[in-house]
Amino acid sequence: MNYVSRERLQKIHEASMRMLERTGMKYHNPKAIEILKDHGIRVEGNVAYFTEEQLMYWVRKAPSTFTLYARNPKHNIVIGGSNVNPAPLYGCAHIADKNGVKRQATIEDYVNYAKLFHANDDFHVDGGLMVQPFDVPIPSSCLSMFYATYTHSDKAMFCVAGKEEYMDAMLKAAEVAYGGKEELLRHPHLITIVNANTPLQLDVMMTDVLIKFAEYGQPIVIAPCDMAGSTSPVTLAGTIAMSTAEALATIALAQMVRPGTPVVMGSQSTTADMKTGQIAIGAPEGALCYRYLGQMAKFYQLPSRAGGALTDSKVVDTQAGIEAYMTFLACCQNEVNFIIHSAGILDGYAYTSYEKVISDFEVVRYVLRYLREFDINEDTIPLDLIDEVGHDGEYLTKDHTFQYCHTEPLAPTLCSRGNVQDAAHQYELNIEKRYAQLMEAYQEKAPVCDQEVLNKIKDIFVEQGIDRELLDKIEAM
């Protein structure tokens, strides 16, 4: 881990506390205002002012680790501690082809992405707003995406936030799928994002989502996205302090709704580009923000979320590779526990591509291999074999090499070694080949769903205006 000194973390903490006591946090939802008042927080208008004692009393009620349960128990994950869990991308409105030409995403694209993440053994979480499908009703699309994820993956479920009535339907569906509300409270199966707004605000819909998920004890990722120089101070220290304040004030609200609600302290904060004012997610400053978020979360003994394999590039190119590797490595080295956007993001979250997903899968493999320690023992330092080979022999044909050759070195799936026939396009060709391999692997790993459960979920969603034929179509994809 790239440790940050306790002294530096303490300075950030103290600034965040002063910020929440002096400037306060604005809550746009009247429900939040009532909850805060009921718990003794000073509120003026819709701005709440916390003392450090008040804030930390509630923050400390959040668990330091928790288990997110999957339909298939082998995909259960622990979020917190030193555990690192890659998770899919989130929030992309469009899909680009390999040349950067954008188009609207469809529900079929969403299902294809769900299949890719299901087929990849490095991921134990599936779903979320991987793409926004434009061929389904947008307001209720969170339910269409829930159904697509549930029918095409048995990994832990990442859910899309939506209006209160859709959250009610989603949680009713989860009761059917996972054995009732009490079972969900004991074994949380869903996780979603609540985005705090910068500077120092929480909006109406995000508050409704927070309250609903907290009432069911389902984990919530609290995720400010401050842009240094645009929506937050241009200095990284100021931005990190502000995002810390926003996250903690939102975490405190969740604990007031239901003490012990699993939360993940997150930050997607980075710098704004000073020439254009646009977000710069592939910047080194973003990687520094993710580093500090990981450390600040440990400071508060909370699980963490940040970063991913991020880039501002418009296509899969050298820039995309450099930035994605840097931002993902920064998260892993600082033991960020839940890394959303671990594959697929292009152009500052503006869009995604199949090529970027596959390319980032390789980034994830390389980083995880780099961070996985190797064994040091008598078998891995084979002194007898070294004596036998001496100075003039070779190791390629030895039994020891055969024993370890499939586990010690990581075999690349995209990067080329040795001779190739088409050097200029080999990476692109390898992406196409890897995509086909993963989709074939999906057919072998595809989950089996209980049709009676699916029919009950359909009934719940149809009551919210979802077309049953659309759900049947998603199921059959």
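Residues numbered from 1 in each chain as written. Predicted model: local features only at pLDDT ≥ 70, side-chain atom pairs only at ≥ 80, totals over all residues. Heavy atoms only, no water.

Caption draft 1: Summary view of a nonpolar patch on the surface. On the surface, a nonpolar cluster with roughly 610 Å² of combined accessible area is contributed by Phe 374, Ile 376, Ile 381, Leu 383, Ile 386 and Tyr 395. Along the chain, the position of Ile 381 falls in the loop between α12 (354-371) and α13 (383-389). Looking at Ile 381, the relative accessible area reads 43%, which means it is partly exposed. (Patch = residues over 30% accessible without salt bridge, like charges linked within 9 Å, V, L, I, M, F, W, Y side chains within 5 Å. Areas by Shrake-Rupley, 256 points an atom, 1.4 Å probe, with all protein chains shown as cover. Salt bridge = Lys/Arg side-chain N within 4 Å of Asp/Glu carboxyl O. Helix = DSSP H or I, 4+ residues; strand = E, 2+ residues; numbered from the N terminus. Buried < 20%, exposed > 50% of the residue type's maximum accessible area, 1.4 Å probe, protein only.)

Caption draft 2: Representation of the pairing of strand β15 (residues 263-267) within the structure. Most of β15 is tucked away: five of the five residues are buried. Burial along β15 is two-sided: Val 263, Met 265 and Ser 267 facing one way and Val 264 and Gly 266 facing the other are all buried. As paired strands, β15 and strand β18 (residues 304-306) are joined by three bridges and run parallel to one another. By the bridge assignment for β18, Ser 267 is matched with Ala 306. (Pairing = 2+ DSSP bridges.)

Caption draft 3: Fine view of the environment of Ile 251. The topology assignment puts Ile 251 in helix α9 (residues 236-257). Ile 251 sits in the buried class, given a relative accessible area of 0%. Each C-alpha atom, one on Ile 251 and one on Asn 377, is 45 Å from the other, the two residues being 126 residues apart in sequence. With sequence-adjacent residues up to four places away left out, Ile 251 is seen in contact with Val 59, Ala 62, Ile 222, Val 263, Met 265 and Leu 302. (Contact = heavy atoms within 4.5 Å.)

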